[in-house]
Amino acid sequence: MRFAAIADIHGNALALEAVLADIAAQGIATADIVNLGDCLSGPLEAGRTADILVPLDLLTVCGNHDRYLVEHAAGDMHEWEADAFRQLKPEHLDWLRSLPFDAVFRDVAYLCHARPQDDGTYWLEQVSREGHVHLRDRATIEAWADGITQPLILCGHTHIPRAVQLSDGRLIVNPGSVGGPGYTDDAPYPHKVEAGLPHASYAILDDASGAWGVTFRLVPYDHMAMSRLAGERHRPEWASTLATGFVAE
């Protein structure tokens, strides 16, 4: 079996188009793509991204930012959601409401956005009081995987491509972010996440060797067009990060 995992598109339609084209070039069919959520929020092209995604009918789980778009009142939304909400049609919001918290793909992969039972906590990374983002301790990673029987476990949320093998051989994979190569956050402590390059990221999973392997694909696209759009919409952090993969100081 061979399939692709995408996550954290965040309304970046150009990056999504580039990733879908690259997936097709690898010989992977649309039916063999899974989506780990956070699809539309951000200052870019939420409506166009939804117009691309919804007809594809990918197996998609709900991210925390997807949930915010349908749970928060319009006047109470964070700027990421407010920027996106203005572009969305009722059918786009209905699609977001239909997304499950988690799912299983063909009996081989468990899918969630962040970690089981919690769409807002990093699974594979933790943040120090000083704001350093680093690999979480193995005991906690394994404890949160308790009860999952599939050999593959897929999550997103941190925008960081990473794979961790558990002591029993199961593999947890974060494919990185299609559309957002960096961001800042203040929970649990102020920190920043940076990919270090502006490419769109996704992962290919295959068991051709008899054991599951992962290939991370970093796909170039016209990232400066998205950076300029963010700048025009008065989101300088987005503009800088989309241009470089680094969060501006």
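This text goes with the structure placed above it.
Not measured: the values here are computed from a predicted model.

Asks: Whenever I open this one, the sheet that holds strand E10 (residues 171–175) confuses me. Can you help?
Replies: Adjacent strands of a sheet form backbone hydrogen bonds with each other and so pair up, either parallel or antiparallel. Ordered in space as E4-E5-E8-E10-E9, the five strands form an open sheet in which the pairing is mixed. The sheet is open, and its two borders are formed by strand E4 (102–105) and strand E9 (161–165), each paired with just one other strand. Neighbour-to-neighbour, the strand axes of the sheet open up by a mean angle of 20°, direction not taken into account. Sheet topology places E4 next to strand E5 (residues 109–112); four bridges connect them, and they run antiparallel. Across the sheet, the residue bridging to Phe-105 is Ala-109, located in E5.

Asks: Is there a simple way to think about the pattern of salt bridges in this case?
Replies: One side chain can pair with another of opposite charge once the charged atoms of both are near each other. All chains considered together, the criterion is met by 16 salt bridges. As a salt-bridge pair, Arg-48 and Glu-17 come within 2.8 Å of each other at their nearest N and O atoms. Taken together, the residues Arg-48 in helix H2 (residues 46–56) and Glu-17 in helix H1 (residues 13–25) connect sequence positions 31 residues apart. Among the salt bridges present, the one from Asp-83 reaches Arg-86, with a minimum N-O distance of 3.0 Å.

Asks: What am I meant to see in the pairing of E4 here?
Replies: Side chains on a regular strand alternate between the two faces of the sheet. Of the two faces of E4, only the one carrying Ala-103 and Phe-105 is buried; Asp-102 and Val-104 on the other face are not. Joining the antiparallel neighbours E4 and E5 is a turn of three residues, in which Arg-106 adopts a positive phi near 50°.

Asks: How should I be thinking about helix H7 (residues 223–232) in this particular structure?
Replies: Think of an α-helix as 3.6 residues a turn; residues three or four steps apart then line up on the same face. Residues Ala-225, Met-226, Ser-227, Leu-229 and Ala-230 constitute the buried set of H7. Buried residues along H7 sit against H1 and helix H8 (236–244). A positive phi of about 60° marks His-234, the residue just after H7.

Asks: So what exactly am I meant to see when it comes to the side chain of His-191 here?
Replies: Looking at where His-191 falls in the secondary structure, it is placed in strand E12 (residues 191–194). A residue is classified by how much of its surface remains accessible, and His-191, at 6% relative accessible area, is buried. Among the polar contacts listed, one links the side chain of His-191 to the side chain of Tyr-122, at a separation of 2.7 Å. A distance of 2.7 Å separates a polar side-chain atom of His-191 from the backbone oxygen of Tyr-189.

How each quantity is defined
- Residues numbered from 1 in each chain as written.
- Predicted model: local features only at pLDDT ≥ 70, side-chain atom pairs only at ≥ 80, totals over all residues.
- Heavy atoms only, no water.
- Pairing = 2+ DSSP bridges.
- Helix = DSSP H or I, 4+ residues; strand = E, 2+ residues; numbered from the N terminus.
- Axes fitted to C-alpha atoms, helices over the stretch in contact; angles between N-to-C directions.
- Salt bridge = Lys/Arg side-chain N within 4 Å of Asp/Glu carboxyl O.
- Buried < 20%, exposed > 50% of the residue type's maximum accessible area, 1.4 Å probe, protein only.
- Contact = heavy atoms within 4.5 Å.
- Polar contact = N/O pair within 3.5 Å; in protein donor to acceptor, adjacent residues only side chain to side chain.

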